[in-house]
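# Chains, contacts and geometry: an overview
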Amino acid sequence: MLRNLAFPLLFLAFTSNAQLNKTGNSGWSIGMNAGAGVGYRTLYANREDFTTASILLSRDSREEPRVAIAGSFRIARQFSKRFGFEAGVGYHQLGWQYRSDLSELTFGDLIDPRRGFIYATDTEVPVEASFIDIFHYIEVPLAFTVTLG
């Protein structure tokens, strides 16, 4: 799955910047960037035992990467040749997904304990379930900049 995502993601990231003052020593500039990447998590165990190892193995075998997106807008003011200030707003969507195999589960008929008869369960039983965790982040960066070159 990761190989299928890598090639299209190369073309989805871009950055643009515009300066209002062409002298380069002071003035305003605005910029924006957007991009896509791969969202995934890495688990680390803080103690080594059988239970922790089996949980890590179980999660690593089921989870898959998913597409993560991000974008931000920034505005900057250069006060002098060396000092400036920058502020902006951005949005990031991260997360992961995993699948569970339900084919090992067994389903029986539902027996009504009050009346003692069986409700028919002739419906299609799912064989797989997907769980997707998505996290939304808003960033508001504020930066004091120093140019050293």
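Right, let's walk through the structure included here. (Residues numbered from 1 in each chain as written. Predicted model: local features only at pLDDT ≥ 70, side-chain atom pairs only at ≥ 80, totals over all residues. Heavy atoms only, no water.)

Another point: the overall build of the chain. Across its full length, the chain carries two helices and nine strands. When the helices and strands of the chain are placed in sequence order, the string is α-β-β-α-β-β-β-β-β-β-β. Among the 149 residues that make up the chain, the fraction classed as buried is 18%. Considering only contacts within the chain whose residues lie at least 6 apart along the sequence, 70% involve residues at least 24 apart. Accessible surface, the chain as shown: approximately 11,700 Å² in total, 60% of it carbon and sulfur. (Helix = DSSP H or I, 4+ residues; strand = E, 2+ residues; numbered from the N terminus. Buried < 20%, exposed > 50% of the residue type's maximum accessible area, 1.4 Å probe, protein only. Contact = heavy atoms within 4.5 Å. Areas by Shrake-Rupley, 256 points an atom, 1.4 Å probe, with all protein chains shown as cover.)

So, about the environment of Gly39. Within the element layout of this structure, Gly39 appears in strand E2 (residues 27-39). Taking the C-alpha atoms as reference, Gly39 lies 9.0 Å from Gln97; in sequence the two are 58 residues apart. Look past the residues within four positions of Gly39 in its chain and what remains in contact with it is Pro65, Arg66, Ala68, Gly95 and Trp96.

Within the secondary structure, Ala76 is located in strand E4 (residues 66-78). Taking relative accessible area as the criterion, Ala76 reaches 17% and is therefore assigned buried. Separated by 67 residues in sequence, Ala76 and Ala143 place their C-alpha atoms 9.0 Å apart. If we skip the residues at most four places from it in the chain, Ala76 touches Gly27, Trp28, Ser29, Phe85 and Glu86.

Using the criterion set out here, one finds three aromatic pairs in the structure. Residues Phe83 and Phe144 carry aromatic rings whose centres are separated by 5.9 Å and whose planes lie at 20 degrees to one another, so their mutual orientation is stacked. Of this pair, Phe83 sits in strand E5 (residues 83-101) while Phe144 is found in strand E9 (residues 142-146), placing the two residues 61 residues apart along the sequence. Phe83 sits in the partly exposed class, given a relative accessible area of 40%. Plain terms: the ring middles of Trp96 and Phe135 are 5.3 Å apart, the flat faces sit at 55 degrees to each other, and that makes the pair tilted. On the criterion of sequence distance, the pair formed by Trp96 in strand E5 and Phe135 in strand E8 (residues 128-139) is long-range, its members being 39 residues apart. We classify Phe135 as partly exposed; its relative accessible area is 33%. (Phe/Tyr/Trp six-rings, centres within 6.5 Å; stacked < 30°, edge-to-face > 60°.)

Turning to the side chain of Ser72, a few remarks are in order. Relative to the elements of secondary structure, Ser72 occurs in strand E4. Within the structure, Ser72 has its side chain in polar contact with the side chain of Asn33 (distance 2.4 Å). Residues in contact with Ser72, not counting those within four places in the same chain, are Gly31, Met32, Asn33, Val89, Gly90 and Glu139. (Polar contact = N/O pair within 3.5 Å; in protein donor to acceptor, adjacent residues only side chain to side chain.)

The next point concerns the pattern of salt bridges. One pass over the full model with this rule turns up three salt bridges. We note a salt bridge from Arg47 to Asp49, for which the minimum N-O separation is 3.8 Å. Taking relative accessible area as the criterion, Arg47 reaches 55% and is therefore assigned exposed. Among the ionic pairs, Arg74 bridges to Glu86, the shortest N-O distance being 3.3 Å. Residue Arg74 is located in strand E4, and its partner Glu86 is located in strand E5; the two are separated by 12 residues in the primary sequence. The exposure class of Arg74 is partly exposed, given its relative accessible area of 28%. (Salt bridge = Lys/Arg side-chain N within 4 Å of Asp/Glu carboxyl O.)

So, about the pairing of E4. Here E2 runs beside E4; their pairing, made up of 13 bridges, is antiparallel. Each residue of the ladder has a partner; that of Ser29, found in E4, is Ala76. Where E4 folds back on E5, the antiparallel hairpin that results is connected by four residues. (Pairing = 2+ DSSP bridges.)

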